[in-house]
Amino acid sequence: MTFAASRGAYDPYMGRYADRLAPRLIAFAGVRPGDRVLDVGCGPGSLTEALDEVVGPEHVAAVEPSEPFATAASERVPAADVQVGVAESLPWPVDTFDGALSQLVVNFMSDADAGVAEMRRVVRPGGTVASCTWDYSGGMTMLRTFFDAALSLDPETPDEARTMRYIDPDDLRELWLRAGLEAVENEALVVEASYADFDDFWEPFTSGVGPGGAYCVSLDPDHRAALREECRRRLGDPDGAFTLSAKAWAVKGRA
């Protein structure tokens, strides 16, 4: 279970990006003060906290299958309604929310069609269902660097660009249309994250969080050391702080 982790493990790996991405997704979705909004697959609460800042905690609900992550989100926004559960079976009635958002989650759903249909079910008519996933093929530099390095050492590496679904605008659009959503739109959301040095880039992979981390910790020490050096080489052998960009594809539609 690569997401049964603490916020302390997640944030250096992906949280530094998720915190910056959340306000972009909220703006794209058109969330307004006073809206009641659901965060589906909230993780340790990046989007939950950003929604709190826009609509207030009493208007925020969230659901997350990982208990450690759900606990972290609850601690981050204590007044929000955070529940442990899955996107495919949301524990709220029909037409409860003005919007349902999911950040970096659709491609991890066991049944994305069911998950998006549930998001649509709990949103009132005219409300918004929105999501985003990383552009694993090239736009998410941190992951692309890692998996290109891994592939150069082992062509059988389970590259997320090959194993993930719903990571481009066309697939996301089709998924939203199949759910019966209207006025479907896509947009690229680009953020940056800073690293103090190369170790700040590498060490989060060794915590085992996410598919990249799970792959990293599965390697024997020699292979892991080789992967580390190949990542360093591909980043230009940085000798201090550096910044990486990350692009996510967003989609929204009207219920």
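Provided above is the structure to which this section pertains.
What this report covers is the structure whose coordinates are included nearby. (Residues numbered from 1 in each chain as written. Predicted model: local features only at pLDDT ≥ 70, side-chain atom pairs only at ≥ 80, totals over all residues. Heavy atoms only, no water.)

## Comments concerning the overall build of the protein chain
No. 1: Scanning the protein chain from terminus to terminus reveals 10 helices and 7 strands.
No. 2: Here the C-alpha atoms of the protein chain give a radius of gyration of 18 Å, agreeing with the 18 Å that 2.2 N^0.38 yields for 255 residues.
No. 3: Here the C-alpha coordinates of the protein chain stretch approximately 55 × 35 × 30 Å along the principal axes.
No. 4: A buried classification covers 53% of the 255 residues belonging to the protein chain.
No. 5: Sequence-distant contacts, at least 24 apart, represent 75% of the contacts inside the protein chain between residues at least 6 apart. (Helix = DSSP H or I, 4+ residues; strand = E, 2+ residues; numbered from the N terminus. Rg over C-alpha atoms; globule rule 2.2 N^0.38 Å. Buried < 20%, exposed > 50% of the residue type's maximum accessible area, 1.4 Å probe, protein only. Contact = heavy atoms within 4.5 Å.)

## What to know about empty space enclosed by the protein
No. 1: Counting across every chain of the model gives 1 cavity of 30 Å³ or more.
No. 2: Reported here for the largest cavity is a volume of approximately 30 Å³.
No. 3: Taken together, Tyr136, Met140, Leu143, Arg144, Phe147, Asp159, Glu160 and Ala161 form the lining of the largest cavity.
No. 4: Here the lining of the largest cavity takes 3 residues from helix α5 (residues 141-153), the largest share from any one element.
No. 5: Class assignment of the residues belonging to the lining of the largest cavity gives a composition of 5 nonpolar, no polar and 3 charged. (1 Å grid on protein atoms, 1.4 Å probe; cavity = no way out; pocket = protein on both sides within 12 Å on 5 of 7 lines; lining within 4 Å. Points joined across faces, edges and corners; volume = space filled by probe spheres on them. Nonpolar A, V, L, I, M, F, W, Y, C, P; charged D, E, K, R; others polar.)

## Regarding the packing of aromatic side chains
No. 1: Taken as a whole, this structure holds 14 aromatic pairs when the rule is applied.
No. 2: Taking the centre distance of 5.1 Å and the plane angle of 90° together, the rings of Phe146 and Phe147 count as edge-to-face. For the residue pair Phe146 and Phe147, the accessibility class agrees, reading buried in each case.
No. 3: Taken together, a centroid distance of 6.1 Å and an interplanar angle of 35° make the contact between Trp202 and Phe205 tilted. For the pair Trp202 and Phe205, one class covers both residues: buried.
No. 4: For Lys252, the ring lying beneath its charged end belongs to Phe28, and the centroid distance is 4.9 Å. (Phe/Tyr/Trp six-rings, centres within 6.5 Å; stacked < 30°, edge-to-face > 60°. Lys NZ or Arg CZ within 6 Å of the ring centre and 35° of its normal.)

## Topic: the pattern of salt bridges
No. 1: Overall, the coordinates contain 17 salt bridges when judged by the stated rule.
No. 2: As a salt-bridge pair, Arg16 and Asp200 come within 3.2 Å of each other at their nearest N and O atoms. Highlighted residues: Arg16 in helix α1 (residues 7-29) and Asp200 in helix α8 (residues 198-202), separated in sequence by 184 residues.
No. 3: Arg121 is the partner of Glu118 in a salt bridge, and the nearest nitrogen-oxygen pair spans 2.6 Å. Residue Glu118 and its partner Arg121 are both found in helix α4 (residues 112-121); the two are separated by 3 residues, about one turn of the helix.
No. 4: Taking the relative accessible area as the measure of exposure, Arg121 reaches 26% and is therefore partly exposed. (Salt bridge = Lys/Arg side-chain N within 4 Å of Asp/Glu carboxyl O.)

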